[in-house]
Amino acid sequence: MDPEDIYDVVIAGGGPGGLSCAIHAARRGLKVLVLERGEAIGDKNASGCALSPKCWRDLDFMERLFAEVPHRVGRVAAMHFIDEKRQETGSVSYASSKRFAPYPIAGEFLTVNVYRSQFDGWLEKLAREAGATVRTSSLVTAISNPPDAVVDGVQYKRVEVNESRSFFAPVVVGADGAFSAVGKAAGLSDRWRNEDLSIMVTIDFEADPARIDEFFGDESLHYYYGANFPIGYVFFNRDGFHVGLGHYIKWFIDQKVNPVAVLDELLATPAVQRVIKIAGGKPREFHAHVLPFVARPGRLHGDGFMVLGDAAGLICPLEAEGVYYAMLAGKLAAGVAADAKASGDFSDATMSRFGRMVKDSPIGREFTMGEVWKEFIDTVPFNVDAATWLVQLLPDAMYAAINVAEPHAETVEVRARDRAMALARLVYPKIKKVIAKPAVAILDEFLRYYIDKLNLSIIMKPLLESTRGIREKIIQQVLDDWLGKRAPETVYHGTPQPLPSRLAVVPGLDVRPMIHVKPSSRPVIRHLEHRCTACGHCVTVCPARLWASRDGRIRLEEGHALWCMECGSCFQACPSSAIEIAYPLNGEGIAYKHG
Ligand SMILES: Cc1cc2nc3c(=O)[nH]c(=O)nc-3n(C[C@H](O)[C@H](O)[C@H](O)COP(=O)(O)OP(=O)(O)OC[C@H]3O[C@@H](n4cnc5c(N)ncnc54)[C@H](O)[C@@H]3O)c2cc1C
Ligand code: SF4
Ligand code: SF4
């Protein structure tokens, strides 16, 4: 081992998780190496990159962002409801609240939106300032424990880069995204389930910042809940905006629709068109990236290994927020690596502290309700059939409460109860999984008021605490009996047309001119024809439409290297292991500039 190639910690992946880990580990005095496969930091990454206030609360370096990174503050979010005919049926919006903010900066904004190329590049600068070494164009291709790399009884891992060069460290951190080489080498992750991995497709539009300021200001987050597409978004940035959506790989396979066909439908929606036109947006770049949505992350550590961020599935399963979770986990992993160095113990027992710290942190707190969030997202935002009637519900609820078609006294005294009951009966089955906890919390508040008033705190408060679970069950049962067992209203329920027939028939946007690839000198994707059963899943899911079925056989387009975005969707979707993916070496391949 050449001493120059020996580090205290090697971090695979120069995204937010890896770079936060590098910043914190270098600050603790460790010799740190970050290996990033992109030619430039950020090249391989696409994201909404709407950063939550939690980043500022828990990561001290974030206070420099406002002065150093182009950004747009998102203070107001709007949710638009779109029906099957692409008409907007209503919308709600809200702003960050100074009165209810849990800490001061949370009252200032909902998110701050940045581009990955600029944000990740800035994190790289901070990591270098802290003393870390960052090597780009460096794909981690293998990790091993060579017998001749044992120093003072400590096993150093050999981290091979671009199948040629090697580096050594007793700890390797896997911050290398959804298809993690480190996770695989450590035996911590292999394949995702198709119902846990989503394909996200996005178009970045260029727009004049002054025009965005004038017409949208800090109303920077627009969501579209529609009957013809899974929940979509427009996120404004400093000089442009992303229009995007995503869903599980399984969903695209089941629906037999291509992700870009669904994105086309979102783009064909007049409400979205209006935003594009008002902002003067010009399509600039197309992105495709996968994102895990799991209810519970798996194991995060092994002997001399830690994995974090997307590599470990640490993404909020409700809102797909991942940058904060990756950066916070990076900070925690750095602390464990520093303690391991101090003790000279790099065993799984030491690394397991990382698992416990994550569990006790806001990351673990988010996942205590992971199953509920995942069920909710599957039932509502990701459920286009439910949307066919849910998007009519809000305007109907508004109409039921206030209209000029009758005297208001009639609305309030005669019709309000029936309308409220009809709506409650409709909504209840969809939200029953998430209603009991907040209902009991509200009821407790009411009971506590009277307990205090009657001076019964000593007896009643412990009773209240110990019976929370039982009361949740009782409330669920009462609501089930009262609302759930009554026949639901049929007024909203026609049978929705199958999704493919609801999609836009306008000529699809040609995404290929918006894909910027430095072709790889070796194939990224290989089709093992002898294993192929011609199921067509790769044809369905590939956002660049590089697969085609001809004469009953499946073909990968010649010259696919010009457009392959390395998203891995075809590889993930193939049930027969007939597709191999090998990321390009030496920084070749996709290079996003507005990801
Ligand atoms: C379309 C989309 C929208 C999103 N919107 C938001 C949002 O608005 N807010 C939010 O907080 N989160 C959002 N997320 C999620 C968020 O982007 C991720 O959770 C976050 O980037 C995870 O950070 P990471 O560092 O773990 O991984 P990544 O950002 O994926 O970084 C991994 C890095 O590792 C590198 N790498 C991979 N393999 C290797 C290897 N073998 N060797 C060397 N380098 C390697 C990659 O090139 C990459 O730079 C979104 C995600 C997508 C796809
Ligand atoms: S060929 Fe596979 S990896 Fe490449 S863009 Fe298509 S789905 Fe993604
Ligand atoms: S390569 Fe895989 S996904 Fe594509 S058709 Fe063949 S078996 Fe199906």
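Trainee: With reference to specific residues and values, describe the overall build of the protein chain.
Mentor: When you go through the protein chain residue by residue, the secondary structure sums to 20 helices and 27 strands. A compact globule built from 595 residues should have a C-alpha radius of gyration of about 25 Å, and the protein chain, at 26 Å, falls within 12% of that. Based on the C-alpha atoms only, the size of the protein chain along its principal axes is roughly 85 × 70 × 50 Å. Counting contacts in the protein chain only where the partners sit at least 6 residues apart, residues at least 24 apart contribute 75% of the total. Within the structure as shown, the protein chain displays about 26,400 Å² of accessible surface, and the carbon and sulfur contribution to it stands at 55%. For the protein chain, the distance from the average site of its 68 positive side-chain charges to the average site of its 72 negative ones is 3 Å.

Trainee: Residues and numbers for helix 8 (residues 259-268), please.
Mentor: The buried fraction of helix 8 amounts to nine of the 10 residues, a majority that puts the element mostly inside the structure. By the burial criterion, the buried members of helix 8 are Pro 259, Val 260, Val 262, Leu 263, Asp 264, Glu 265, Leu 266, Leu 267 and Ala 268. A distance of 2.8 Å separates the backbone nitrogen of Val 260 from a side-chain oxygen at the start of helix 8, and that oxygen is part of Asn 258.

Trainee: Got a sec to walk through the packing of aromatic side chains? Specific residues and values, please.
Mentor: Tallied over the entire structure, the rule returns 20 aromatic pairs. When the ring of Tyr 233 is compared with that of Phe 235, the centres are 4.6 Å apart and the planes differ by 40°; the resulting orientation is tilted. Neither Tyr 233 nor Phe 235 differs from the other in exposure class; each is buried. Aromatic side chains Tyr 324 and Tyr 325 sit 5.1 Å apart centroid to centroid with 75° between the ring planes, which places their arrangement in the edge-to-face category.

Trainee: Before we move on, could you go through the site of ligand 2 and cite the residues and values that matter?
Mentor: Taken together, the residues surrounding ligand 2 are Ile 525, Cys 542, Pro 543, Leu 546, Trp 547, Cys 564, Met 565, Glu 566, Cys 567, Gly 568, Ser 569 and Cys 570. Tallied by class, residues from the shell around ligand 2 come to nine nonpolar, two polar and one charged.

Trainee: Just give me the short version of helix 13 (residues 370-379), but keep the residues and values in it.
Mentor: If you check which residues of helix 13 are buried, you get Gly 370, Trp 373, Lys 374 and Ile 377. For helix 13, the angular spread of the buried residues around the axis is 95°, confining them to a single face.

Trainee: Describe the sheet that holds strand 3 (residues 50-51), and please don't skip the residues or the numbers.
Mentor: Taken together, the three strands give an open sheet; going across it, the order is 3-7-4, and neighbouring strands pair in antiparallel fashion. Each having just a single partner strand, strand 3 and strand 4 (72-74) make up the two edges of the open sheet. Inspection of the sheet shows strand 4 paired to strand 7 (residues 111-113) by three bridges, in the antiparallel sense. Within strand 7, the residue paired with Val 73 across the bridge is Val 112.

Trainee: Can you lay out the pattern of salt bridges for me, pointing to particular residues and giving the numbers?
Mentor: Where charged atoms from two side chains of opposite charge come close, those side chains can pair. Throughout the structure, instances matching the rule amount to 42 salt bridges. As a salt-bridge pair, Asp 8 and Lys 341 come within 3.3 Å of each other at their nearest N and O atoms. Of this pair, Asp 8 sits in the segment before strand 1 (9-12) while Lys 341 sits in helix 10 (residues 323-343), and the two are 333 residues apart along the sequence. Accessibility expressed as a relative area gives 41% for Lys 341, which makes it partly exposed.

Trainee: Before we move on, could you go through the site of ligand 1 and cite the residues and values that matter?
Mentor: Near ligand 1 you find 38 residues, and of these Glu 36, Ser 47, Gly 48, Arg 116 and Asp 310 are the closest. One nitrogen or oxygen atom from the side chain of Glu 36 is found 2.6 Å from an oxygen atom belonging to ligand 1. Val 323 places a polar main-chain atom, nitrogen or oxygen, 3.0 Å from an oxygen atom of ligand 1. When the free accessible area of ligand 1 is taken as 990 Å², the share hidden by the protein chains comes to 96%. Elements with a contribution of two residues or more to the shell around ligand 1: helix 1 (16-27), strand 15 (197-206), strand 17 (232-236), strand 19 (282-292) and helix 10. In terms of residue class, the shell around ligand 1 is built from 18 nonpolar, 13 polar and seven charged.

Trainee: Could you give an account of the sheet that holds strand 2 (residues 32-35), naming the residues involved and the relevant values?
Mentor: Spatially, 8-2-1-14-21-20 is the arrangement adopted by the six strands of the open sheet, whose pairing is mixed. Of all strands in the sheet, those bounded by a partner on one side alone are strand 8 (133-135) and strand 20 (301-302). Bridge count between strand 1 and strand 2: four bridges; the pairing is parallel. The partner of Val 10 across the bridge, within strand 2, is Leu 33.

Trainee: Which residues make up the nonpolar core, and what are the values?
Mentor: In this structure, Tyr 224, Phe 241 and Phe 286 are the most contacted members of the largest nonpolar core, which totals 81 residues. When residues in this core are grouped by element, the largest group, six residues, is from strand 15. Among all residues touching Phe 286, those that are not within four sequence positions of it are Val 201, Thr 202, Ile 203, Val 260, Leu 263, Val 511, Met 514, Ile 515, Pro 543, Met 565 and Tyr 592. Of all hydrophobic cores here, the second largest spans 79 residues; its members include Phe 119, Val 134, Val 171 and Ala 334.

The rules behind the values
- Residues numbered from 1 in each chain as written.
- Chains lettered and ligands numbered in written order.
- Predicted model: local features only at pLDDT ≥ 70, side-chain atom pairs only at ≥ 80, totals over all residues.
- Heavy atoms only, no water.
- Helix = DSSP H or I, 4+ residues; strand = E, 2+ residues; numbered from the N terminus.
- Rg over C-alpha atoms; globule rule 2.2 N^0.38 Å.
- Contact = heavy atoms within 4.5 Å.
- Areas by Shrake-Rupley, 256 points an atom, 1.4 Å probe, with all protein chains shown as cover.
- Lys, Arg positive; Asp, Glu negative; His and termini not counted.
- Charge placed at Lys NZ, Arg CZ, Asp CG, Glu CD.
- Buried < 20%, exposed > 50% of the residue type's maximum accessible area, 1.4 Å probe, protein only.
- Polar contact = N/O pair within 3.5 Å; in protein donor to acceptor, adjacent residues only side chain to side chain.
- Phe/Tyr/Trp six-rings, centres within 6.5 Å; stacked < 30°, edge-to-face > 60°.
- Near = heavy atom within 4 Å.
- Nonpolar A, V, L, I, M, F, W, Y, C, P; charged D, E, K, R; others polar.
- Arc of directions from axis to C-beta.
- Pairing = 2+ DSSP bridges.
- Salt bridge = Lys/Arg side-chain N within 4 Å of Asp/Glu carboxyl O.
- Core = buried A, V, L, I, M, F, W, Y, C linked by side-chain atoms within 4.5 Å.

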